Amino acid sequence: VAAGDATATPTYLAVDVNSVSLNVAATQLVATASQVMGYAWASGDYKSAEFVVKIDNGTNTEISKVLLTLDSSNNIAITEYGNVQTSASLGSITAQMSGSDVNLLVTTLDNNSDVTVVGTLTI
């Protein structure tokens, strides 16, 4: 088959997106500056994730994109690859295992901060 042939059969396996991923979201008000669980899931269900995390202290906002993935021993690798803020930093994002659950943790620097997490979990 010649390159660019529109009649060529694809060599990839098309799948239903819902069979390999799950869209999730959560929000919470953090009354006292502290570390909170932004989102948690069972490591046996999904091994990777991408999140947008927004912190709003009522005056300013900060939004970050993070990727994380687990190895076969459930060690977490996480990176923040995008961040924009309307003022100084409003918090930080980390992850940890708790038993067999993955916890995405958000630490706010200000009282009365709204934390919103939107993401996609992937098998």
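Everything below is about the structure shown above.
1. Some remarks on the overall build of the protein
Okay, step 1: Helices and strands together make up the secondary structure of the protein, namely zero helices and eight strands.
Okay, step 2: Going from N to C terminus, the protein has its helices and strands arranged as β-β-β-β-β-β-β-β.
Okay, step 3: Taking 2.2 N^0.38 as the reference for a compact globule, 123 residues should give roughly 14 Å; the C-alpha atoms of the protein span a radius of gyration of 18 Å, well beyond that estimate.
Okay, step 4: Considered along the principal axes of its C-alpha atoms, the protein spans approximately 60 × 35 × 20 Å.

2. Some words on the environment of Ala 33
Okay, step 1: When you line up the elements, Ala 33 lands in the loop between β1 (21-30) and β2 (35-42).
Okay, step 2: Excluding residues within four positions of it along the chain, Ala 33 makes contact with Thr 108, Leu 109, Asp 110 and Asn 111.

3. A closer look at the sheet that holds strand β4 (residues 61-70)
Okay, step 1: Read from one edge to the other, the open sheet built from five strands follows the order β1-β8-β3-β4-β5, with strand pairing classed as antiparallel. The open sheet has two edge strands with one neighbour each: β1 and β5 (76-85). Strand-to-strand, the axes of this sheet are offset by a mean angle of 15 degrees, without reference to chain direction.

4. Thoughts on the pairing of β4
Okay, step 1: Here β4 shows one buried face, formed by Glu 62, Ser 64, Val 66, Leu 68 and Leu 70, and one open face, formed by Thr 61, Ile 63, Lys 65, Leu 67 and Thr 69.
Okay, step 2: As paired strands, strand β3 (residues 48-56) and β4 are joined by nine bridges and run antiparallel to one another. Within β4, the residue paired with Ala 49 across the bridge is Leu 68.
Okay, step 3: Taken together, β3 and the strand that follows it, β4, pair antiparallel across an intervening segment of four residues, in which Gly 58 is found at a positive phi of about 95 degrees.
Okay, step 4: Note that β4 and β5 share nine bridges and pair antiparallel. If you follow Leu 70 over to β5, its bridge partner there is Ile 76.
Okay, step 5: Where β4 folds back on β5, the antiparallel hairpin that results is connected by five residues, among which Asn 74 adopts a positive phi of roughly 65 degrees.

5. As for the environment of Ala 31
Okay, step 1: Residue position: Ala 31 is located in the loop between β1 and β2.
Okay, step 2: In sequence terms Ala 31 and Glu 50 are 19 residues apart; their C-alpha atoms lie 26 Å from each other.
Okay, step 3: When near neighbours in sequence (up to four residues on either side) are disregarded, Ala 31 contacts Asn 111 and Asn 112.

6. Some remarks on the packing of aromatic side chains
Okay, step 1: Per the stated rule, a full pass over the model turns up three aromatic pairs.
Okay, step 2: Between Trp 41 and Phe 51 the ring centres are 5.7 Å apart and the planes differ by 45 degrees, which places this aromatic pair in the tilted class. Of this pair, Trp 41 sits in strand β2 while Phe 51 sits in strand β3, and the two are ten residues apart along the sequence.
Okay, step 3: The buried category is assigned to Trp 41, whose relative accessible area is 6%.
Okay, step 4: On the accessibility criterion, Phe 51 (1% relative accessible area) is buried.
Okay, step 5: Site record: aromatic cluster; members linked through ring pairs are Tyr 39, Trp 41 and Phe 51.

So, how was this worked out
Residues numbered from 1 in each chain as written. Predicted model: local features only at pLDDT ≥ 70, side-chain atom pairs only at ≥ 80, totals over all residues. Heavy atoms only, no water. Helix = DSSP H or I, 4+ residues; strand = E, 2+ residues; numbered from the N terminus. Rg over C-alpha atoms; globule rule 2.2 N^0.38 Å. Contact = heavy atoms within 4.5 Å. Pairing = 2+ DSSP bridges. Axes fitted to C-alpha atoms, helices over the stretch in contact; angles between N-to-C directions. Buried < 20%, exposed > 50% of the residue type's maximum accessible area, 1.4 Å probe, protein only. Phe/Tyr/Trp six-rings, centres within 6.5 Å; stacked < 30°, edge-to-face > 60°.

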